[in-house]
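Residues per chain are reported as follows:
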Amino acid sequence: MTDLDPLRITAEDIESQVGRVTAPPVLTIRPEDVPDAPPPRDAHRGHTLLITADDIAAFEPAGEEVVGPLEKMVFVMVNQARAEHIPKWMGRGPLQWHPLLAQTARQHANDMLERRYVAHATPEGVTVANRLDRQGISYLACGENIGVIYGPASHGERGIQEVHAAFMNQPRRLTNHRGNILNPVWTHVGIGIAYAPEGQLIVTQNFIATLTKPV
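Residues numbered from 1 in each chain as written. Predicted model: local features only at pLDDT ≥ 70, side-chain atom pairs only at ≥ 80, totals over all residues. Heavy atoms only, no water.

1. With respect to the overall build of the protein
Threshold: Going along the chain from the N terminus, every DSSP run of H or I of four or more residues is numbered as a helix, and every run of E of two or more is numbered as a strand. By definition, residues are in contact when any of their heavy atoms lie within 4.5 Å. In short, Shrake-Rupley with a 1.4 Å probe defines the accessible areas, and a residue's cover is counted only from the protein chains shown.
Of regular secondary structure, the protein possesses 7 helices and 6 strands. When the helices and strands of the protein are listed from N to C terminus, the series reads α-β-β-α-α-β-α-α-β-α-α-β-β. Here the contacts in the protein between residues at least 6 apart in sequence split such that 77% fall between residues at least 24 apart. Summed over its atoms, the accessible surface of the protein is roughly 11700 Å², and 55% of this surface lies on carbon and sulfur atoms.

Here you go:
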């Protein structure tokens, strides 16, 4: 085999990873990690705090009209990163969007937001593989990235850009978030986002490998 011979990923290569689950530790971005994020305002002592209906609404998770477009932006970012960093001679096309995988990712993101935890496993011990199995999703290997950002920098499009940049700035390894995004074995992805306008955004990326090669 010469250096000019193309590297091909076959069905056998994927089958050899059956049962593999790649879930690096959750990446957390706090306000102090973002240099240009303004510091939280201190409460004024000696004044009455008035909570209005608008204030209460600010703590409710954002709906489909907000998170849907953000999820699609993350999907584009993931495929752009793969196009930039995975050599074309490897013959891997962009990841395909998997609606049920995206639904599973969003459900987990919402559960983390609502129950105030951030982890690959729920408090009851339900893992990413368990969640995919419960949805009847067929796969040979799976992976999950979770990133959460707090504070003013979490707002909307800026939040997903900060999370994506933090993922991609990690060392070049196969076992971290960057490695998950660039793993050539994956064929499909689903993105789920939960966003609370008071200052928390959770991005969940679910990846799977199947025998269906992206084109």
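2. Description of the nonpolar core
Stated precisely, the cut-off is as follows: By convention a nonpolar core is built from buried Ala, Val, Leu, Ile, Met, Phe, Trp, Tyr and Cys residues, the set being connected through side-chain atoms within 4.5 Å. Burial classes follow relative accessibility: with a 1.4 Å probe on protein chains only, a residue under 20% of its type's maximum area counts as buried, one over 50% as exposed, and anything between as partly exposed.
Ranked by size, the top nonpolar core spans 30 residues in total, and within it Val74, Ile160, Ile181, Ile193, Leu201, Val203 and Phe207 carry the most contacts. Listed by contribution, the elements that provide at least two residues to this core are strand E2 (27-29), helix H3 (64-85), strand E4 (141-150), helix H6 (156-168), helix H7 (177-182), strand E5 (188-196) and strand E6 (200-209). It is H3 that contributes the most residues to this core, 7 residues altogether. Residues within four places of Ile160 in sequence aside, it is in contact with Leu70, Met73, Val74, Met77, Ile193, Leu201 and Val203. Leu113, Val148, Ala194 and Ile202 belong to the second largest nonpolar core, which has 9 residues in total.

3. Describing the pattern of salt bridges
Applied cut-off: Salt bridges, as used here, are contacts in which a Lys or Arg side-chain nitrogen is within 4 Å of a carboxyl oxygen on Asp or Glu.
Taken as a whole and assessed by the stated rule, the structure comprises 6 salt bridges. Measuring nitrogen to oxygen at the nearest pair gives 3.0 Å for the salt bridge that ties Arg131 to Glu144. Here Glu144 lies in strand E4 and Arg131 lies in helix H5 (residues 128-134), a separation of 13 residues in the sequence. There is no split in this pair, since Arg131 and Glu144 are both buried.

4. Some thoughts on unusual backbone geometry
Positive phi values are uncommon outside glycine, yet Arg116 reaches one of about 60 degrees. Judged by its relative accessible area of 53%, Arg116 falls in the exposed class.

5. Topic: the side chain of His98
Its location among the elements puts His98 in the loop between strand E3 (96-97) and helix H4 (99-115). Contact partners of His98, with chain neighbours within four places excluded, come to Ile137, His188, Val189, Gly190 and Ile208.

6. Digging into H6
Our working definition: Between the first and last residue of a helix there are one fewer steps than residues, each counted as 1.5 Å, and that sum is the expected span. Here the arc refers to the set of directions running from the helix axis out to each C-beta atom.
Look at H6: 19 Å from first C-alpha to last across 13 residues, which is about the 18 Å you get at 1.5 Å a residue. The set of residues buried in H6 consists of Gly156, Gly159, Ile160, Val163, His164, Phe167 and Met168. All buried residues of H6 project into a common sector of 160 degrees when viewed along the axis, lining one side.

7. Quick word on the packing of aromatic side chains
The geometry of an aromatic ring pair is captured by two quantities: the separation of the ring centres and the angle between the planes. Our working rule: Side-chain rings of Phe, Tyr and Trp (the six-membered ring for Trp) are treated as a pair once their centres are within 6.5 Å; stacked means planes under 30 degrees apart, edge-to-face means over 60, and tilted covers the remaining angles. Two limits define a charge over a ring: the Lys NZ or Arg CZ must be within 6 Å of the ring centre, and within 35 degrees of the ring normal.
Within the structure shown, the criterion is met by 2 aromatic pairs. Measuring from centroid to centroid gives 5.1 Å for Phe75 and Trp97, while their planes differ by 75 degrees, and the two rings are edge-to-face. Highlighted residues: Phe75 in helix H3 and Trp97 in strand E3, separated in sequence by 22 residues. When the centroid spacing of 5.9 Å and the interplanar angle of 15 degrees are considered together, the rings of Trp186 and Phe207 count as stacked. Of the two residues, Trp186 sits in the loop between H7 and E5 while Phe207 sits in strand E6, which places them 21 residues apart along the sequence. Trp186 gets classed as buried once you look at its relative accessible area, which sits at 0%. Taking the relative accessible area as the measure of exposure, Phe207 reaches 0% and is therefore buried. Sitting above the plane of the Trp97 ring, Lys72 keeps its charged end 5.3 Å from the centroid.

8. A short note on the pairing of E6
Rule in force here: Strands pair, by our definition, only if DSSP identifies at least two bridges between them.
With 10 of 10 residues buried, E6 lies mostly within the body of the structure. Note that E4 and E6 share 10 bridges and pair antiparallel. Residue Val148 lies in a different strand from E6, and its bridge partner there is Ile202. Of the pairings in the sheet, the one linking E5 to E6 comprises 9 bridges and is antiparallel in character. Paired with Val189 across the strands is Phe207, a residue of E6. Where E5 folds back on E6, the antiparallel hairpin that results is connected by 3 residues, among which Gly199 adopts a positive phi of roughly 130 degrees.

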